[in-house]
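Chains, contacts and geometry: an overview
Read off the chains here:
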Amino acid sequence: MSSAYKELYGGAVTAQIPSDSTDVSSLREVPDNQEVFVHPLTPQSIIIEILEHVNKTDEEALQIHFEDLAERNDAIGDNSKVLSVEKLPRENISMTQCESAWYLHGQQFVSKYKETEECKNMVDIYMTVYRLPQFTTDILVTMNDPIQIRY
């Protein structure tokens, strides 16, 4: 899979994004704090969000962001679980003003368009939070990868 650098947020940020992905803002309205890209042939998506800094430890902040996503996906309780969490080594972070970055792999059972319980899809969630407390900001990058789709 090839990638390309794309300007985000009107050029304020540059990120490496799969080159064949579609910018969702060309299809529908996207909130100002988000950039959303979808794969042209699969239900995978990448969401980049600029969020208010969660004034907790890094691991707690990551967990809070994951739980917020689960709530928005109506995937709370047994419909959401964290599989692994790890701190990213500083040398792997190209964002120079980032204080720290943490990665989470989780799963959520999600009903698209609020379908019935039997139609919930199992989605692997790959989430990274980049902490920028000096700007009272967390940058959250989430990749959604549906691994079991039910109709």
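Residues numbered from 1 in each chain as written. Predicted model: local features only at pLDDT ≥ 70, side-chain atom pairs only at ≥ 80, totals over all residues. Heavy atoms only, no water.

Next up on the list: the overall build of the chain. If you tally the helices and strands in the chain, you get one helix and nine strands. Its C-alpha radius of gyration of 16 Å places the chain within 12% of the 15 Å reference for a compact globule of 151 residues. Taking the principal axes of the C-alpha coordinates as reference, the chain spans close to 45 × 35 × 25 Å. Burial status across the chain gives 42% buried among its 151 residues. Partitioning the contacts of the chain with sequence separation of at least 6, the portion at a separation of at least 24 is 47%. (Helix = DSSP H or I, 4+ residues; strand = E, 2+ residues; numbered from the N terminus. Rg over C-alpha atoms; globule rule 2.2 N^0.38 Å. Buried < 20%, exposed > 50% of the residue type's maximum accessible area, 1.4 Å probe, protein only. Contact = heavy atoms within 4.5 Å.)

This part is about the nonpolar core. Counting residues in each nonpolar core, the largest one holds 14 residues, and the members touching the most others are Leu-8, Ile-48, Ile-93, Ala-101 and Tyr-130. Contributing elements (two or more residues each) for this core: strand 2 (13-18), strand 5 (45-52) and strand 8 (121-132). Ignoring anything within four residues of it in the chain, the contact list for Tyr-130 reads Ile-93, Met-95, Cys-98, Ser-100, Ala-101, Thr-137, Asp-138, Ile-139 and Val-141. The next biggest cluster of nonpolar side chains, apart from the first, holds eleven residues, and it includes Leu-69, Val-110, Val-123 and Leu-140. (Core = buried A, V, L, I, M, F, W, Y, C linked by side-chain atoms within 4.5 Å.)

Before going further, it helps to spend a moment on the sheet that holds strand 7 (residues 100-110). Taken in spatial order, the seven strands line up as 3-4-5-9-8-7-6 in an open sheet, and their pairing is antiparallel. The strands lining the two open edges of the sheet, one partner per strand, are strand 3 (22-23) and strand 6 (80-87). Along the sheet face, helix 1 (residues 58-72) touches strand 5, strand 6, strand 7, strand 8 and strand 9 (137-148) and points at about 25 degrees away from the line of strand 7. (Pairing = 2+ DSSP bridges. Axes fitted to C-alpha atoms, helices over the stretch in contact; angles between N-to-C directions.)

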